[in-house]
Amino acid sequence: MTGERRSIYLTTPIYYVNDKPHIGHAYTSLAADVLARWHRMSGHDVHFLTGTDEHGQKVEKAAEARGMDPQLFTDTVSQSFRELAVRMNYSNDDFIRTSEERHKRACAALWQRLEANGEIYLGHYEGWYAVRDEAFYGPDEIMEKDGQKFAPTGAPVEWVREPSYFFRLSQWQEKLLAFYEANPDFIAPQTRRNEVMSFVKSGLTDLSISRTSFKWGVKVPGDEAHVMYVWLDALTNYITALGYPSETEALWRFWPADVHFVGKDILRFHAIYWPAFLMAAGLPTPRRVFAHGWWTNEGQKISKSLGNVIDPLALIDEFGLDPVRFFLLREVPFGQDGDFQRKALVGRLNGELADALGNLANRTLSLIQRNCEGTLPAPVAAPTEADTAFLTATGHADAAGSPAWLVEKVDALLNEQKFDAALTLIFTSIREANGYITREQPWALKKTDLARMRDVLRHLHDALRVFATVLRPFMPETMEKLLDQLAVPAGARDLAALTTPLPEGVALPPPSPLFQKIQDAAA
RNA sequence: GGUGGUGUAGCUCAGCUGGUUAGAGCACGGCACUCAUAAUGCCGGGGUCGGCGGUUCAAGUCCGCCCACCACUACCA
């Protein structure tokens, strides 16, 4: 909101096609989507990327097990993530797949650049390898049961010895630490930053970045017996999508990324390997990696074996899309773990969306409809003390109608990815508006002071417009509907437009409820 | 074991660099109102701010120790 138009690049992880989309995928992308929408509404130039990670031995084996060609297999599974994006109403500008040609080109180019810079050497790797985890384990980590050896994660391991290219990660330890020091906001939240830094301090070893044990991956340039390590492959997607290696391409203006949204399980790859790769290649590093927490389901850890995986599509079917979007970001501070409780979702939907916001809109608009011939009253010339207090509380810096502080505060919070705090703030204002209408009693004023009644309703309309606008990134469909009811023109729904009051006399359509409440029999 | 973090009303949590009677939402009780999706507003009950000790004129807010839980990481039988 500072005025100048910035290029903003936001990403989700590319999701591994081994899995069906679940609440975790939906959550990460949702956060990115809300921020992307907010920045667009602020007038910035936004690029929002999501996609699928399709290489690796696990995928190769899964395809094989189905008797399918890996490309065909990933075509199918990738589709379910595209569908999720559509159903969740994500506004992604691109959807990348690592099996695409453009990506293979980018990976090869990055590899060659690293190689030219002397960051890669050929060695060999041997050790206990778990296909399921795509990871090697030390001999001391292996447990044996019934003749089969297992990793600490429970994945079966096998002894693998193969030639491998290595990335000189060990050379980057001090540079990484200096980088973290110089960029204290690079890893968020802070507690994750501490973890990463202490991990790096404990020592980094060179990273094996190629495999010869399977074929389904990006071929190493000049040595096609090798495919690239999945994480080198996967991380590169963020620059592939901007046209790398062509740094003159228009999209390249978006690099470096503003925020890489990731789950806490893959923070290490993004906060250690990725900046190391980039620095080694002489490319700018992203501004921030934000690691969010995990959801539990009614207090229980979510796992496939427990069968309590949360399907976002089922939630949408039951509660509606926007209440689900709202709940996920409202309920839990972004970055912390959260517990998904049906009761809590119903409480938010009924109490905050339907009762506080929806009902405020409905009562206000009904009064205008009935007592102002359905047209918008004029902007208020002489606000009372109560009006001024109200305008201040609901985000208007002054009676002139500039919606300064609420928008700016929300902007500041969203720039730190504090979605829950932003929503808390907005709903405090909404509560304030309910207090105002109850105190001013426009329904009584219609018998005693029509002019005053019109002023009160105008103020409420202005406040609702602010609420609908700042909530639009969180609940796009429903807030568009509210803005329709408020008769805010389509071209006047961004943040800058809030400083221009709607003209008097605009015709308002008859209101209808925005949110459907859930009647739960259970307490 | 190491490192980091958390522990504040029944529940979920705010409380920046220490400073008047510790806050919010939900839940609960009472009152008011009736424009509105039986919605809303106001008032209230309820907290030894994990425990002990210390620094200070003054400590949820700083220091030490202890307890519980969480995260990352190491390791041992």
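Residues numbered from 1 in each chain as written. Chains lettered and ligands numbered in written order. Predicted model: local features only at pLDDT ≥ 70, side-chain atom pairs only at ≥ 80, totals over all residues. Heavy atoms only, no water.

Draft legend 1. Molecular detail of the pattern of salt bridges. What the rule picks out here adds up to 27 salt bridges. Between arginine 325 and aspartate 33 there is a salt bridge, with its nearest N and O atoms 2.7 Å apart. Note that arginine 325 is positioned in helix 10 (residues 321–331) and aspartate 33 in helix 1 (residues 23–41), a separation of 292 residues in sequence. For the salt bridge of lysine 104 with glutamate 101, the shortest nitrogen-to-oxygen distance reads 3.8 Å. Within this pair, lysine 104 and its partner glutamate 101 are both found in helix 4 (residues 101–116), separated by three residues, close to a single helical turn. By sharing partners, the salt bridges in this structure join Arg330, Glu331, Arg348 and Glu352 into a single network. (Salt bridge = Lys/Arg side-chain N within 4 Å of Asp/Glu carboxyl O. Helix = DSSP H or I, 4+ residues; strand = E, 2+ residues; numbered from the N terminus.)

Draft legend 2. View of the sheet that holds strand 3 (residues 94–97). A sheet is described by the order of its strands in space; here six strands give the open sequence 3-2-1-14-15-9, paired in parallel fashion. Either end of the sheet is taken by a strand with one partner, and the two such strands are strand 3 and strand 9 (187–188). In this structure, strand 1 (residues 7–16) lies alongside strand 14 (residues 259–263), joined through two bridges in parallel fashion. The partner of threonine 11 across the bridge, within strand 14, is histidine 260. (Pairing = 2+ DSSP bridges.)

Draft legend 3. Main features of the protein's contact with RNA strand B. Not every one of the 23 residues close to RNA strand B is listed here, only the nearest: Glu195, Arg268, Asn359, Arg363 and Thr438. Of all RNA strand B atoms lying within 4 Å of any protein atom, the proportion belonging to sugar or phosphate reaches 75%. Within the backbone of phenylalanine 515, a nitrogen or oxygen atom sits 2.8 Å from a base nitrogen of RNA strand B. Looking at the surface near RNA strand B, the elements that each hand over two or more residues are helix 6 (190–201), helix 11 (342–371) and helix 14 (419–440). (Near = heavy atom within 4 Å. Polar contact = N/O pair within 3.5 Å; in protein donor to acceptor, adjacent residues only side chain to side chain.)

Draft legend 4. The arrangement of the side chain of histidine 39 in detail. Looking at the element boundaries, histidine 39 is found in helix 1. Apart from residues no more than four positions distant in its own chain, histidine 39 is found in contact with Arg6, Ile8, Leu10, His44, Val46 and Asn415. (Contact = heavy atoms within 4.5 Å.)

Draft legend 5. Focus on the domain arrangement of chain A. For chain A, the assigned domains read domain 1 (7–119 + 168–292), domain 2 (122–163) and domain 3 (350–507). Between the C-alpha centres of domain 1 and domain 2 there is a distance of 25 Å. Interface area for domain 1 against domain 2, summed over the two sides, is near 920 Å², with a carbon-plus-sulfur share of 50%. A per-residue breakdown of the area domain 1 buries against domain 2 is headed by Gln57, Lys58 and Arg211, which together make up 44% of the total. In this structure, the connection of domain 1 to domain 2 is made through zero salt bridges. Linking domain 1 with domain 2 are two residue pairs in polar contact (both at pLDDT 80 or more). Going through the elements one at a time, helix 2 (57–65) and strand 11 (210–211) are the ones with two or more residues in the side of domain 1 that touches domain 2. When residues of the side of domain 1 that touches domain 2 are assigned to their parent elements, the largest contribution, three residues, is made by helix 2. Here the side of domain 1 that touches domain 2 is composed, by residue class, of three nonpolar, seven polar and three charged. (Domains from an automatic or database assignment. Buried area = accessible area lost by both parts, 1.4 Å probe. Nonpolar A, V, L, I, M, F, W, Y, C, P; charged D, E, K, R; others polar.)

Draft legend 6. Structural detail: the environment of phenylalanine 427. The residue phenylalanine 427 is located in helix 14 in this model. Taking C-alpha positions, phenylalanine 427 is 41 Å from threonine 98, a pair spaced 329 residues apart along the chain. Setting aside its immediate chain neighbours within four residues, phenylalanine 427 contacts Phe326, Glu352, Leu353, Leu357 and Leu471.

Draft legend 7. Region of interest: the pairing of strand 13 (residues 223–228). Bridge count for strand 11 against strand 13 is two bridges, and the pairing is antiparallel. Bridging across to strand 13, serine 210 finds its partner in methionine 228. Here two bridges tie strand 12 (residues 219–220) to strand 13, and the two strands are oriented antiparallel to one another. Opposite lysine 219, over in strand 13, you have valine 227 as the bridge partner. Taken together, strand 12 and the strand that follows it, strand 13, pair antiparallel across an intervening segment of two residues, in which glycine 222 is found at a positive phi of about 85°.

Draft legend 8. A look at the sheet that holds strand 11. Spatially, three strands are ordered 11-13-12 in an open sheet, and the strand pairing comes out antiparallel. The strands lining the two open edges of the sheet, one partner per strand, are strand 11 and strand 12.

Draft legend 9. Spatial organisation of the confidence of the model for chain A. With 94% of its residues at a pLDDT of at least 70, chain A reaches an overall mean of 91. ipTM for the predicted complex: 0.93, alongside a pTM of 0.94. (pLDDT = per-residue confidence, 0-100.)

Draft legend 10. Here's a closer look at the environment of leucine 413. Topologically, leucine 413 is positioned in helix 13 (residues 404–415). The spacing of leucine 413 and arginine 342 is 71 residues in sequence and 27 Å in space, taken between C-alpha atoms. Setting aside chain neighbours within four positions, we find leucine 413 in contact with Lys418, Ala421, Ala422 and Leu425.

Draft legend 11. Region of the structure containing helix 3 (residues 70–87). End to end, helix 3 covers 26 Å across 18 residues, agreeing with the expected 26 Å (1.5 Å per residue, within 8%). Among the residues of helix 3, those classed as buried are Pro70, Phe73, Thr74, Val77, Ser78, Phe81, Leu84 and Ala85. Across the axial projection of helix 3, the buried residues extend over an arc of 125°, all falling on one side. Residues of helix 3 that are exposed and angled more than 90 degrees away from the buried face: Leu72 and Val86. If you follow the buried residues of helix 3, they end up packed against strand 1, helix 1, strand 2 (45–53), helix 2, strand 3 and helix 9 (312–319). (Expected span 1.5 Å × (residues − 1). Buried < 20%, exposed > 50% of the residue type's maximum accessible area, 1.4 Å probe, protein only. Arc of directions from axis to C-beta.)

Draft legend 12. Region of the structure containing the pairing of strand 1. Most of strand 1 is tucked away, with nine of its 10 residues classed as buried. The parallel pair strand 1 and strand 2, bridged by helix 1, forms a crossover whose chirality is right-handed. (Right-handed = clockwise from strand over helix to strand, strands pointing away.)

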